[in-house]
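# Observations on the model geometry
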Amino acid sequence: MEFKEMKKIWDTQNDEALYVINEDALHRRIKAKKVGTKRRTSFSEVVLIASNLCAGGVVIISHLLKNSGNVVAVTMGAMMMIVGMYILFLRSQRIKRDQQTDVSILGDLENAIENINYRIKLSQSMIWFCLIVIALTMYTVLNSDQSVFNIVLISAFFIVGFIMSRWEHKRFNLGKKKQLLDLKEKLINEFEM
Amino acid sequence: MTENEINHIFQTWLKQHKALLFKIVRSYAFNEEDRDDLFQEIAIQVWKSVASFKQQSAVTTWLYRVALNTAIKWTTKERKHQDGHESIDISQHIIESHQLPDDRLAWLYEEIAQLNEVDRSLTLLLLDGFSYKEMSKILGISESNVGVKINRIKKHLTTKSEKS
């Protein structure tokens, strides 16, 4: 069969109703999906910004009001405020980048890889930042009159939080990046003659 | 652009270009559940893309780019409803398929299904009459590379048809 003939056969689909869309079912599924995949990156950013700014603000204000003279705690609060504002800046850069229109599948893939790189960087930075906060908090707690039980409880909380953030980083971000890079490689290799 | 305007454009595109979307779905998904899943994924991506459509290209070119991109990515990952993150009612199918009118069309789909994801996308674009220039824009690769690849695909399909 010649290719022209194949094209004619292919075009017969345009005039026939080979499929029917169940619009109600589609609408329900789109709605469910939109809720399910609701902008994970944006959500993480907002949580990080709000938690850092609020926690930092509370720490600084409470120590200043009490005039405690605890330099370590005030430094930690200031650090949290700075990190919160830095993530706010990164978020505005990401939104600007997202608004740029891509014109090709390869361009789309590159944009998706840029976004996942951004999420990886954000997640890695937060892991290191988290370690500093844990160290400073533990220093403050150990130098206060807290009971052993409270110290164990706070330590356990930090350990669980740290393990969870490592797991999230490996499970979602690194896996997704590998998937996108494989796809890009596949697309490029296909056209290397 | 308001959400109502986006919804209106989305519905219009869906009505006018459903054949285009179904061809892509049928070429990348091979059972009813997968077709539903891919169609819904494409529909979501098309809906999201409405606001960024700047009319610098034809709607069909835009839809092909969005739908092919989604289909290629979809084939590389697990089906969404298997990961347990979303509770989706699959008792009602989104698309109800009818029998293909021509056995040769079924044969053509089978042959397209044997190709890798990238060749599949090029074959669909070729069969739908896109120029090399448009194909190169949609895929983000050079026209000369498209040309070489297309010649191979044409030769492959013609040889297969002679054998069958």
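This text follows the structure it describes.
Being a predicted model, the structure only gives us computed values, none of them experimental.

Time to look at the layout of surface pockets. Residue and element names in this part refer to chain A. Of the volumes computed, that of the second largest pocket is approximately 770 Å³. What lines the second largest pocket is a set of 24 residues, among which Ser-44, Leu-48, Met-126, Ser-165 and Glu-168 lie closest to the centre. Where the lining of the second largest pocket is concerned, the elements lending two or more residues are α3 (40-66), α5 (105-142) and α6 (148-190). At 9 residues, the largest contribution of residues to the lining of the second largest pocket is made by α3. Of the residues that constitute the lining of the second largest pocket, the class distribution is 13 nonpolar, 8 polar and 3 charged.

With that settled, consider the packing of aromatic side chains. All names here are of chain B. One pass over the full model with this rule turns up 5 aromatic pairs over all chains. Aromatic side chains Tyr-64 and Phe-130 sit 5.0 Å apart centroid to centroid with 80 degrees between the ring planes, which places their arrangement in the edge-to-face category. You can see Tyr-64 sitting in helix α4 (residues 59-75) and its partner Phe-130 sitting in the loop between α6 (117-127) and α7 (132-139), a full 66 residues away along the chain. Take Tyr-64 and Phe-130: they sit in the same class, and that class is buried. Through a chain of ring-to-ring contacts, three or more aromatic side chains come together here, namely Trp-13, Phe-53 and Trp-62. Taking the ring centre of Tyr-109 as reference, the NZ or CZ of Arg-26 above it sits at 5.4 Å. The ring of Tyr-28 carries the charged tip of Arg-120 above its face, separated from the ring centre by 4.8 Å.

Rules used in this analysis
- Residues numbered from 1 in each chain as written.
- Chains lettered and ligands numbered in written order.
- Predicted model: local features only at pLDDT ≥ 70, side-chain atom pairs only at ≥ 80, totals over all residues.
- Heavy atoms only, no water.
- 1 Å grid on protein atoms, 1.4 Å probe; cavity = no way out; pocket = protein on both sides within 12 Å on 5 of 7 lines; lining within 4 Å.
- Points joined across faces, edges and corners; volume = space filled by probe spheres on them.
- Helix = DSSP H or I, 4+ residues; strand = E, 2+ residues; numbered from the N terminus.
- Nonpolar A, V, L, I, M, F, W, Y, C, P; charged D, E, K, R; others polar.
- Phe/Tyr/Trp six-rings, centres within 6.5 Å; stacked < 30°, edge-to-face > 60°.
- Buried < 20%, exposed > 50% of the residue type's maximum accessible area, 1.4 Å probe, protein only.
- Lys NZ or Arg CZ within 6 Å of the ring centre and 35° of its normal.

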